[in-house]
Amino acid sequence: MDKRQRIIFTMLELVVKQGVYATPMSQVAKEANVAVGTIYHYFDNKQEILEEIYKVINQDYGVVLMANLPDTDFKTQFEAICQNLFNYYIGNPLAFKFMEFVAVPPLMPKDLVEAVREYTAGLRDFFQKGIDEDHLRNDVELRLLMQTASGCITSAVKLKEMGAIELSEKEIKQVTEMAWDCVRKH
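Along every chain, residues carry numbers that run from 1 in the direction the sequence is written. Two thresholds apply to this predicted model, a pLDDT of at least 70 for residue-level local features and 80 or more for giving and counting side-chain atom pairs, whereas whole-chain, interface and lining totals are computed over all residues. Water and hydrogen atoms play no part in the side-chain values, which are based on all heavy atoms of the structure.

Next up on the list: the nonpolar core. To qualify as a nonpolar core, a set must consist of buried Ala, Val, Leu, Ile, Met, Phe, Trp, Tyr and Cys residues joined through side-chain atoms within 4.5 Å. Per-residue accessibility, obtained with a 1.4 Å probe over protein chains only, is compared with the maximum for each type, and a residue is labelled buried under 20%, exposed over 50%, and partly exposed between these values. If you look at the biggest cluster of nonpolar residues, it comprises 58 residues, and the most contacted ones within it are Phe78, Phe98 and Phe127. Note on conventions: DSSP H or I runs of at least 4 residues are helices, E runs of at least 2 residues are strands, and numbering of each starts at the N terminus. Among the secondary structure elements, those contributing two or more residues to this core are helix H1 (3–18), helix H2 (25–32), helix H4 (46–65), helix H5 (74–91), helix H6 (93–102), helix H8 (121–132), helix H9 (142–161) and helix H10 (169–183). Two residues form a contact once any of their heavy atoms are found within 4.5 Å. In this structure Phe127 touches Phe78, Leu136, Leu142, Leu145, Met146 and Ala149, once residues within four positions along its chain are discounted.

The structure is reproduced here in structure tokens:
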């Protein structure tokens, strides 16, 4: 891992653990094993590092969610996307916590939030196809429909992270079914 990557990863770990405002650049430098000046060689300020983390997570998220979709019916593909989301967040707890607690307004500027939507264009296209083909509700804004589906999975991951539930295969399937029931056309 090069110095720039160490800075990004260290910032991710620290802001998730202790919060943005409790993470001084001097601590990032010390834990990344670089000089403070080295951080400023790569980034202008802490905000720029946070925005880079946000971009990287969104890029990963966009690729992972649409990976290995079965060549079957729409509902089965939807279930695969839900499983991909669940696996991504469970496998990347720092990314999950960053997106839940750090990557929120006002820390992430609106123009950046809009700019990273390109990374999830495949997911938006999938949901739009579901609407167009009468699989999904057409009486709800597309973004709200997508957020509702992912919210079911995200809530389950939060419960697992808190240790409130284990989330067996059966429970994951149930959460996926609940997400489907929220967005499918009745």
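Next comes the rest of the account.
Another aspect to go through is the layout of surface pockets. A pocket, in this scheme, is an open set of points on a 1 Å grid over the protein atoms alone with protein on both sides within 12 Å along at least 5 of 7 lines, while a cavity is a set where a 1.4 Å probe fits but cannot get out; residues line either one if an atom lies within 4 Å of a point. Grid points are joined across faces, edges and corners, and a volume is the space filled by probe spheres set on the points. By volume, the largest pocket is sized at about 770 Å³. Around the largest pocket sit 24 residues that line it, and Tyr54, Asn58, Tyr61, Met99 and Gln147 are the ones nearest its centre. Of all the elements in the fold, those that place two or more residues in the lining of the largest pocket are H4, H5, H6, helix H7 (110–115), H8 and H9. Here the lining of the largest pocket takes six residues from H9, the largest share from any one element.

By the element assignment, Met66 lies in the loop between H4 and H5. We classify Met66 as partly exposed; its relative accessible area is 24%. When residues no more than four places from it in sequence are discounted, the contact partners of Met66 are Ile81, Asn84, Gly122, Leu123 and Phe126.

A few words now on the packing of H8 against H9. Orientation is described by lines fitted to C-alpha atoms, with helices fitted over the stretch in contact, and by angles between N-to-C directions that extend from 0 to 180 degrees. One way to put it is that H8 packs onto H9 with a least axis distance of 10 Å and a crossing angle of 105°. By the angle class used here, H8 and H9 are roughly perpendicular. Mapping the contact onto sequence places Leu123, Arg124, Phe127, Gln128 and Ile131 in H8 and Leu142, Leu145, Met146 and Ala149 in H9. Nonpolar residues are Ala, Val, Leu, Ile, Met, Phe, Trp, Tyr, Cys and Pro. Charged residues are Asp, Glu, Lys and Arg, and all others, Gly as well, are polar. Its residues placed into classes, the contact of H8 with H9 shows seven nonpolar, one polar and one charged. Angle categories are assigned with fixed cut-offs, so that under 35 degrees is roughly parallel, over 145 is roughly antiparallel, 65 to 115 is roughly perpendicular, and the rest are oblique.

H2 packs onto H1 with a crossing angle of 125° between their chain directions and a minimal axis gap of 9 Å. Regarding the angle of H1 to H2, the classification is oblique. The element H1 and its partner H2 pack so that their crossing is right-handed. Packed against H1, whose contacting residues are Arg6, Ile7, Thr10, Met11, Leu14 and Gln18, the element H2 presents Met25, Gln27, Val28, Glu31 and Ala32 at the interface. Tallied by class, residues from the contact of H1 with H2 come to six nonpolar, three polar and two charged. Note on convention: the crossing is left-handed when the near helix lies turned anticlockwise from the far helix by less than a right angle, right-handed when the turn is clockwise.

In short, geometric facts, not functional conclusions.
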